[in-house]
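# Examination of the molecular architecture
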Amino acid sequence: MNEPRRIHALEVGPAVLDIMLGDITRLDVHAIVNAANRSLLGGGGVDGAIHRAAGPELLAECRTLGGCATGEAKITAGYRLKARHVIHAVGPIWSGGDRNEDQLLAACYRNAIALAARHGLASLAFPAISTGVYAFPPARAARIATGTVVSEIAARADAPGRIVFCCFSEESARLHSDALIDFGLG
Ligand code: AR6
């Protein structure tokens with residue numbers, strides 16, 4: 001896929017939120033978020049794309065991390081990526097909605113922003129975590145992703161000043177735009 005293009009941008013307080021369409025591995029931001037699994041040892045989807053683009057050094061560093069619990073996040077270097085860091089977040093596997101999936105997905109966004117803040121990172125890009133192999137309903141996930149990011153930006157002054165939702169389909173980009181509009185933003 002080509003260079004990501006901006007679909008929608010808006011200011012929320014001191015921060016800028018961007019909805020972009022394209023391959024997250026091409027983005028020039030301080031950190032990209034990986035939709036990883038608990039082993040942190042790679043996989044398909046965006047995880048596979050990030051490991052391919054970053055090179056084998058990323059897997060070597062991931063092997064030292066001892067995995068990651070669902071809803072949590074861990075940070076590594078970005079190696080051959082433009083992004084200096086990768087924040088690996090483990091989304092929930094959708095299993096009907098009564099296994100805390102909403103809260104676990106929100107925790108991924110919250111914990112990734114907290115890690116970025118702790119490392120002083122000014123820009124951060126998210127894929128639509130859990131909406132691929134993990135089968136989380138995409139509209140519901142887009143509402144949780146945008147709602148959590150907007151409330152974290154409001155709650156903490158050290159959040160990155162630019163946060164990107166890097167969507168991989170027109171439909172996903174539309175769902176994120178619609179969710180922001182439903183919050184009275186956009
Ligand atoms: N750039 C941006 N978004 C992408 C890219 C890309 N290059 N490639 C895929 N997406 P998924 P999950 C979108 O399946 O559901 C892996 O095997 C994709 O269209 O990557 O959290 C892990 O190792 C979808 O909207 O992640 C885990 O085992 C979104 O990224 C498992 O999959 C997430 O899809 C995690 O499943």
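So, here is what we can say about the structure in this document. Going along each chain's sequence as written, the residues are numbered from 1 onward. Whole-chain, interface and lining totals are the exception, using all residues; otherwise, since this is a predicted model, local features are given only for residues with pLDDT of at least 70 and side-chain atom pairs are given and counted only at 80 or more. Note that the side-chain values use all heavy atoms of the structure and ignore hydrogens as well as water.

We now examine the sheet that holds strand 4 (residues 73-77). Consider a sheet: its strands pair through backbone hydrogen bonds, and that pairing is either parallel or antiparallel. The rule for pairing is simple: two strands pair if DSSP sees at least two bridges between them. The helix and strand labels rest on DSSP assignments: H or I over at least four residues marks a helix, E over at least two residues marks a strand, and numbering proceeds from the N terminus. In spatial order, the strands read 1-2-7-6-3-5-4; together these seven strands make up an open sheet with mixed pairing. Looking along the sheet, the strands with just one partner apiece sit at the ends: strand 1 (5-12) and strand 4. On average, each strand axis in the sheet is inclined to that of its neighbour by 25°, with strand direction left out of account. Alignment of strand 2 (residues 15-21) against strand 7 (residues 162-167), held across six bridges, turns out to be parallel. Residue pairing across strands places Leu-17 opposite Ile-163, the latter belonging to strand 7. Across the face of the sheet, helix 1 (residues 45-54) comes into contact with strand 3 (31-36) and strand 5 (85-90) while running at roughly 130° to strand 3. For helices, the axis comes from a line fit to the C-alpha atoms of the stretch in contact; other axes are also lines fit to C-alpha atoms, and the angle between any two N-to-C directions lies between 0 and 180 degrees. A contact between two residues is defined here by any heavy atoms of the two lying within 4.5 Å.

Stacked, tilted and edge-to-face are the three classes assigned to paired rings of Phe, Tyr and Trp, where Trp is represented by its six-membered ring and a pair needs centres within 6.5 Å; plane angles under 30 degrees give stacked, over 60 edge-to-face, the rest tilted. Across all of its chains, the model carries two aromatic pairs by this definition. An angle of 65° between the planes, with centres 4.8 Å apart, marks the rings of Trp-94 and Phe-136 as edge-to-face. With Trp-94 in the loop between strand 5 and helix 3 (101-118) and Phe-136 in the loop between strand 6 (123-126) and helix 4 (138-155), the pair connects residues that are 42 residues apart, well separated along the chain. Measuring from ring centre to ring centre gives 4.6 Å for Tyr-109 and Phe-126, while their planes differ by 40°; the resulting arrangement is tilted. Within this pair, whereas Tyr-109 is found in helix 3, its partner Phe-126 is found in strand 6, the two being separated by 17 residues in sequence. Assessed through its relative accessible area of 2%, Tyr-109 is described here as buried. Think of it in three bands: with a 1.4 Å probe and only protein chains considered, a residue is buried below 20% of the maximum accessible area for its type, exposed above 50%, and partly exposed in between.

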